[in-house]
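Overview (structure and organization)
Single-letter residue listing:
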Amino acid sequence: MDAGVYGGVGLKIERTVYTRTKTKKNLSLTCNAVAWHPRLQNILATGATNGAVVFWDLEESKSLKRKVDGKKLPSNVLSVSKVHDACVNAVAWHPHGDPNLLLSASVDKTVCLWDRRDAEEPKQKFDNLVKVNDVKFSTSSVYDFATGCGDGSIQLWDLRQPTVPREKVMAHGRHVNSIDWHPDRPNILASGGSDKTIKVWDMVSGRPFREMQALASVSQVQWHPTKPEQLASSCVEVDLSISVWDIRFPNVPKACFRGHVDAVPGIQWLPPDEMGGDAYVLSCSRDKTVRLHAFKDAICPAENARRRGISLSPTGDIAIVRSLGIVTSTLLHFEPERTALNTD
């Protein structure tokens, strides 16, 4: 994708590792999902549209120059493994356990556990029974992970019990497209679905305690790295903006970032810099741009919401909302053209 500029914050392409062209048609290197190693700046993992899981070394220090399916691999490729039978929708590193472990989730209804030190074959395979759209390691348990599934369910798994999920929750009316564990609060999980809703779950009780209504099918949800009540979301289509929600006030987004002219399939928080301030949101779009969004340029729907209104009840009561208060006047017998109510 081309680099983009937003709100005075610039982006530039520092390095291109691989670009698919008419003469470079290695499907194993087509990237449908990508995850940067949580500790090593030079290690990446990608999931391909043909089911391959690929480990990359950007420094090329440990790369293996060889061929896969008769095609020569770039020198940055550490390994290519085609275990999945269909597109890989998500890859996720372990955030606080063994940093060498990676999960991959596929349309073929399976999740694979990988060790990047020996990635020719997965360490374990989990049969999810339905298409898997997203997968995330738990942030509070070294053994647990969750999957967001095509039947609208969220499944909880234990690495030590690969045969069946530990728990299954029917979370959305349609596909669960994205899930994200809260970085600080154990057992709290956010999910976004094709039913146009974002839900926040207590996975101990298996029940949601917050729900936000999006304008279209939700493609991504992600918690703010330092503000525990906030999360960001993007949509598959129709709504081309990125919304930031405060779950204490779920009816209207706290902020919206605009600029893309096509769907936004991926978002990523960037933590605040050393000078303080707020985090940035990085987004990629089908319009072939990557944009970096600053809060100073955001639109704030809650601040622009109408704070005045009037309603008439069946019995003739008038309810008037003005600013932060409610004024109620009971007028059971009145002539509208002759009656005036002073709301000052």
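Residues numbered from 1 in each chain as written. Predicted model: local features only at pLDDT ≥ 70, side-chain atom pairs only at ≥ 80, totals over all residues. Heavy atoms only, no water.

1. Observations concerning the pairing of strand 28 (residues 289-293)
In regular strands, side chains alternate between the two faces of the sheet. Of all 5 residues in strand 28, 4 are buried, a share of seventy percent or more. Note: strand 27 (residues 280-284) against strand 28, 4 bridges, orientation antiparallel. What sits directly across from Cys284, in strand 28, is Val290. Here strand 27 hands over to strand 28 after 4 residues, with Lys288 in that stretch at a positive phi of 70 degrees. (Buried < 20%, exposed > 50% of the residue type's maximum accessible area, 1.4 Å probe, protein only. Helix = DSSP H or I, 4+ residues; strand = E, 2+ residues; numbered from the N terminus. Pairing = 2+ DSSP bridges.)

2. Describing the environment of Arg160
The residue Arg160 is located in the loop between strand 16 (153-158) and strand 17 (167-170) in this model. Considering only alpha carbons, one finds Arg160 and Tyr143, 17 residues apart in sequence, at a separation of 7.1 Å.

3. Considerations on the sheet that holds strand 6 (residues 52-57)
Strands sit in the order 4-5-6-9 across an open sheet of 4 strands; the sheet is antiparallel. Of all strands in the sheet, those bounded by a partner on one side alone are strand 4 (33-36) and strand 9 (77-82). For this sheet, the mean angle separating the axes of adjacent strands, direction not counted, is 15 degrees. Both strand 4 and strand 5 (residues 43-47) contribute to a ladder of 4 bridges, which runs antiparallel. By the bridge assignment for strand 5, Ala35 is matched with Ala45. (Axes fitted to C-alpha atoms, helices over the stretch in contact; angles between N-to-C directions.)

4. Some thoughts on the sheet that holds strand 22 (residues 218-223)
Strand order in the open sheet made by the 4 strands is 22-23-24-25, with antiparallel pairing throughout. Each end of this open sheet is capped by a strand with a single partner; those strands are strand 22 and strand 25 (255-257). Taken pair by pair, the neighbouring strands of this sheet meet at an average axis angle of 20 degrees, ignoring direction. Direction of pairing for strand 23 (residues 230-235) relative to strand 24 (residues 242-246): antiparallel, over a ladder of 4 bridges. Note that in strand 24 the partner of Ser233 across the bridge is Ser243.

5. A word on unusual backbone geometry
Even without being a glycine, Leu129 presents a positive backbone phi close to 75 degrees. Judged by relative accessible area, Leu129 falls into the exposed class, the value being 62%.

6. Some points on the layout of surface pockets
There is about 280 Å³ of room inside the second largest pocket. Lining the second largest pocket are Asp246, Phe249, Pro250, Asn251, Val252, Pro253, Lys254, Ala255, Phe295, Cys300, Ala302 and Glu303. Grouping the amino acids of the lining of the second largest pocket by side-chain chemistry returns 8 nonpolar, 1 polar and 3 charged. (1 Å grid on protein atoms, 1.4 Å probe; cavity = no way out; pocket = protein on both sides within 12 Å on 5 of 7 lines; lining within 4 Å. Points joined across faces, edges and corners; volume = space filled by probe spheres on them. Nonpolar A, V, L, I, M, F, W, Y, C, P; charged D, E, K, R; others polar.)

7. Digging into the packing of aromatic side chains
The full count for this structure, using the stated rule, is 6 aromatic pairs. Measuring from ring centre to ring centre gives 5.2 Å for Phe257 and Phe295, while their planes differ by 80 degrees; the resulting arrangement is edge-to-face. One end of the pair, Phe257, is in strand 25; the other, Phe295, is in the loop between strand 28 and helix 1 (301-304), and 38 residues separate them in sequence. Accessibility assignment for this pair places Phe257 and Phe295 in one class, buried. With a centroid separation of 6.1 Å and an interplanar angle of 15 degrees, the aromatic rings of Trp269 and Phe295 are classed as stacked. Taken together, the residues Trp269 in strand 26 (residues 266-270) and Phe295 in the loop between strand 28 and helix 1 connect sequence positions 26 residues apart. In this structure Trp269 comes out as buried when scored by relative accessible area, which is 6%. Taken together, Phe126, Phe145 and Trp157 form an aromatic cluster joined through their ring pairs. Over the aromatic face of Tyr143 sits the side chain of Arg160, whose NZ or CZ is 3.8 Å from the ring centroid. (Phe/Tyr/Trp six-rings, centres within 6.5 Å; stacked < 30°, edge-to-face > 60°. Lys NZ or Arg CZ within 6 Å of the ring centre and 35° of its normal.)

8. Concerning the nonpolar core
By size, the foremost hydrophobic cluster in this structure holds 15 residues, and its most contacted members are Ala45, Val53, Phe55, Val91, Trp93, Leu102 and Trp114. Listing elements by their share of this core, those giving two or more residues are strand 4, strand 5, strand 6, strand 10 (88-93) and strand 12 (110-115). The biggest single contributor to this core is strand 10, with 3 residues. (Core = buried A, V, L, I, M, F, W, Y, C linked by side-chain atoms within 4.5 Å.)

9. Topic: the pattern of salt bridges
This structure, assessed with the given rule, holds 10 salt bridges. A salt bridge links Arg185 to Glu229; the nearest nitrogen and oxygen atoms lie 2.7 Å apart. In this pair, Arg185 is assigned in the loop between strand 18 (176-181) and strand 19 (188-193) and Glu229 in the loop between strand 22 and strand 23, connecting sequence segments 44 residues apart. With a relative accessible area of 33%, Arg185 lands in the partly exposed category. Between Asp278 and Lys227 there is a salt bridge; the shortest N-O distance is 3.1 Å. Here the residue Asp278 occupies a position in the loop between strand 26 and strand 27, and Lys227 occupies one in the loop between strand 22 and strand 23, the gap between them amounting to 51 residues. Lys227 gets classed as partly exposed once you look at its relative accessible area, which sits at 33%. When salt bridges with common partners are traced through the structure, they connect Asp98, Asp115 and Arg117 into a single cluster. (Salt bridge = Lys/Arg side-chain N within 4 Å of Asp/Glu carboxyl O.)

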